[in-house]
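# Close look at the chain arrangement
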Amino acid sequence: MSDETLNGYRQSIDNIDAALVFMLAERFKVTKAVGRYKAQTGLPPADPGREEAQIARLRGLANDAQLDADFSEKFLRFIIDEVIRHHERVREPE
């Protein structure tokens, strides 16, 4: 049984999911470079002020986009926590 309407929606969801994966890959490529830079210059892995500013900024964007701001904050916090783990690993001696 084929439902063309449902298949169309699913194709769009699949395209969006693929775009999210590529966007996350690009973001982590940049944040890994930031982690290496921080390690080389002696900066701490985390920047709580920057994190809070980003969360506030993205909560505002989420509200503008009619997206649940709590969800967007949880999603961003998950990403930030992973970035910090990467930054901490870069600082560890091999």
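For the rest of this paragraph, the subject is unusual backbone geometry. Here the phi dihedral of glutamine 66 falls at roughly 60°; this positive angle occurs in a residue that is not glycine. Here glutamine 66 lies in the loop between helix H2 (48-64) and helix H3 (69-91).

Further remarks concern the pattern of salt bridges. One pass over the structure, following the stated rule, counts 7 salt bridges. The shortest N-O distance in the salt bridge between glutamate 73 and arginine 59 comes to 2.7 Å. Of this pair, glutamate 73 sits in helix H3 while arginine 59 sits in helix H2, and the two are 14 residues apart along the sequence. Judged by its relative accessible area of 30%, glutamate 73 falls in the partly exposed class. Overall, the relative accessible area of 24% leaves arginine 59 in the partly exposed class.

Mapped onto the secondary structure, isoleucine 84 falls in helix H3. Setting aside chain neighbours within four positions, we find isoleucine 84 in contact with Pro45, Ala46 and Glu51.

To continue, consider the packing of helix H1 (residues 4-41) against H3. Closest axis-to-axis distance for the H1/H3 pair is 9 Å, and the angle between their directions is 40°. Considering the angle they form, H1 stands oblique to H3. Between H1 and H3 lies a crossing whose hand is right-handed. Contacts between H1 and H3 involve Leu24, Arg27, Phe28, Thr31, Lys32, Val34, Gly35, Arg36, Lys38 and Ala39 from the former and Leu76, Ile79, Glu82, Val83, His86, His87, Val90 and Arg91 from the latter.

Here valine 83 lies in helix H3. A sequence separation of 55 residues divides valine 83 from phenylalanine 28, and the C-alpha atoms of the two residues are 7.3 Å apart. Excluding its chain neighbours within four sequence positions, the residues that come into contact with valine 83 are Arg27, Phe28 and Thr31.

Turning to the packing of H2 against H3, a few remarks are in order. Closest axis-to-axis distance for the H2/H3 pair is 9 Å, and the angle between their directions is 145°. Regarding H2 and H3, the two cross each other, and that crossing is right-handed. Contact residues: H2 offers Glu51, Glu52, Gln54, Ile55, Leu58, Arg59, Ala62 and Asn63, while H3 offers Ala69, Asp70, Ser72, Glu73, Leu76, Arg77, Ile80 and Ile84. Across the contact of H2 with H3, the residue classes break down as 7 nonpolar, 3 polar and 6 charged.

Turning next to the layout of surface pockets. Within this model, the largest pocket holds a volume of roughly 410 Å³. Around the largest pocket, the lining comprises 14 residues; the ones closest to its centre are Arg27, Leu58, Phe75, Leu76 and Ile79. Those elements that provide at least two residues to the lining of the largest pocket are H1, H2 and H3. Class assignment of the residues belonging to the lining of the largest pocket gives a composition of 11 nonpolar, 2 polar and 1 charged. For the second largest pocket, the lining is made up of 16 residues, of which Thr31, Lys38, Arg50, Val83 and His87 are closest to its centre. If you list the elements that add at least two residues to the lining of the second largest pocket, you get H1, H2 and H3. The residue inventory of the lining of the second largest pocket, partitioned by class, reads 8 nonpolar, 3 polar and 5 charged.

Definitions and limits used
Residues numbered from 1 in each chain as written. Predicted model: local features only at pLDDT ≥ 70, side-chain atom pairs only at ≥ 80, totals over all residues. Heavy atoms only, no water. Helix = DSSP H or I, 4+ residues; strand = E, 2+ residues; numbered from the N terminus. Salt bridge = Lys/Arg side-chain N within 4 Å of Asp/Glu carboxyl O. Buried < 20%, exposed > 50% of the residue type's maximum accessible area, 1.4 Å probe, protein only. Contact = heavy atoms within 4.5 Å. Axes fitted to C-alpha atoms, helices over the stretch in contact; angles between N-to-C directions. Parallel < 35°, antiparallel > 145°, perpendicular 65-115°, else oblique. Left-handed = near helix turned anticlockwise from the far one by under 90°. Nonpolar A, V, L, I, M, F, W, Y, C, P; charged D, E, K, R; others polar. 1 Å grid on protein atoms, 1.4 Å probe; cavity = no way out; pocket = protein on both sides within 12 Å on 5 of 7 lines; lining within 4 Å. Points joined across faces, edges and corners; volume = space filled by probe spheres on them.

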